[in-house]
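Each chain, written out:
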Amino acid sequence: MMRTMEFKMERTGLLQEGDILPVTEGKLPDSYYYTLGNAFAMSANYTFRERLHSDSGRVLEIKETPKGFFVTVAFDE
């Protein structure tokens, strides 16, 4: 089963579609967040039930919006 997640990226040119990158989990008091690669991008906060079980993912899409750059990553779950 494939799961996709969106990450917010502040600078472009650090990664490309098709790249396979590691993901690191961080813990807050009531939720979890994920950092893509060497701090290339960060996820939103997720509840315990929504935790990611993969340690790497493949970049599917990089898009620019008025709110910034967003990266869509696919994970095998």
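From a predicted model like this one, the values you see are computed outputs, not experimental measurements.

A. Structural view of the pattern of salt bridges. All chains considered together, the criterion is met by four salt bridges. With its nearest N and O atoms 3.9 Å apart, the salt bridge here joins Arg3 to Glu77. Separated by 74 residues along the polypeptide, Arg3 in strand E1 (residues 2-9) and Glu77 in the segment after strand E6 (68-76) bring together distant segments of the chain. Glu77 sits in the partly exposed class, given a relative accessible area of 31%. A salt bridge links Arg51 to Glu25; its shortest N-O distance comes to 2.6 Å. One end of the pair, Arg51, is in the loop between strand E4 (41-43) and strand E5 (56-65); the other, Glu25, is in strand E2 (residues 20-27), with 26 residues separating them in the sequence. We classify Arg51 as partly exposed; its relative accessible area is 25%.

B. Summary view of the packing of aromatic side chains. Counted by the stated rule, this structure contains two aromatic pairs. With 6.4 Å between their ring centres and 50° between their planes, Phe7 and Phe75 make a pair best called tilted. Highlighted residues: Phe7 in strand E1 and Phe75 in strand E6, separated in sequence by 68 residues. Relative accessible area serves as the criterion here: at 0%, Phe75 is assigned to the buried category. Judged by centre distance (6.1 Å) and plane angle (55°), the ring pair of Tyr34 and Tyr46 falls under tilted. With Tyr34 in strand E3 (residues 32-36) and Tyr46 in the loop between E4 and E5, this pair connects stretches of sequence that are twelve residues apart. Taking the ring centre of Tyr46 as reference, the NZ or CZ of Arg3 above it sits at 5.7 Å. Positioned above the aromatic ring of Tyr32, the side-chain terminus of Arg51 is 4.1 Å from the ring centre.

C. Quick look at unusual backbone geometry. Even without glycine at this site, Ala39 takes up a positive phi of about 65°. Looking at the element boundaries, Ala39 is found in the loop between E3 and E4. Given a relative accessible area of 60%, Ala39 falls into the exposed group.

Definitions and cut-offs
- Residues numbered from 1 in each chain as written.
- Predicted model: local features only at pLDDT ≥ 70, side-chain atom pairs only at ≥ 80, totals over all residues.
- Heavy atoms only, no water.
- Salt bridge = Lys/Arg side-chain N within 4 Å of Asp/Glu carboxyl O.
- Helix = DSSP H or I, 4+ residues; strand = E, 2+ residues; numbered from the N terminus.
- Buried < 20%, exposed > 50% of the residue type's maximum accessible area, 1.4 Å probe, protein only.
- Phe/Tyr/Trp six-rings, centres within 6.5 Å; stacked < 30°, edge-to-face > 60°.
- Lys NZ or Arg CZ within 6 Å of the ring centre and 35° of its normal.

Geometric descriptors of this kind do not, in isolation, establish any biological role.
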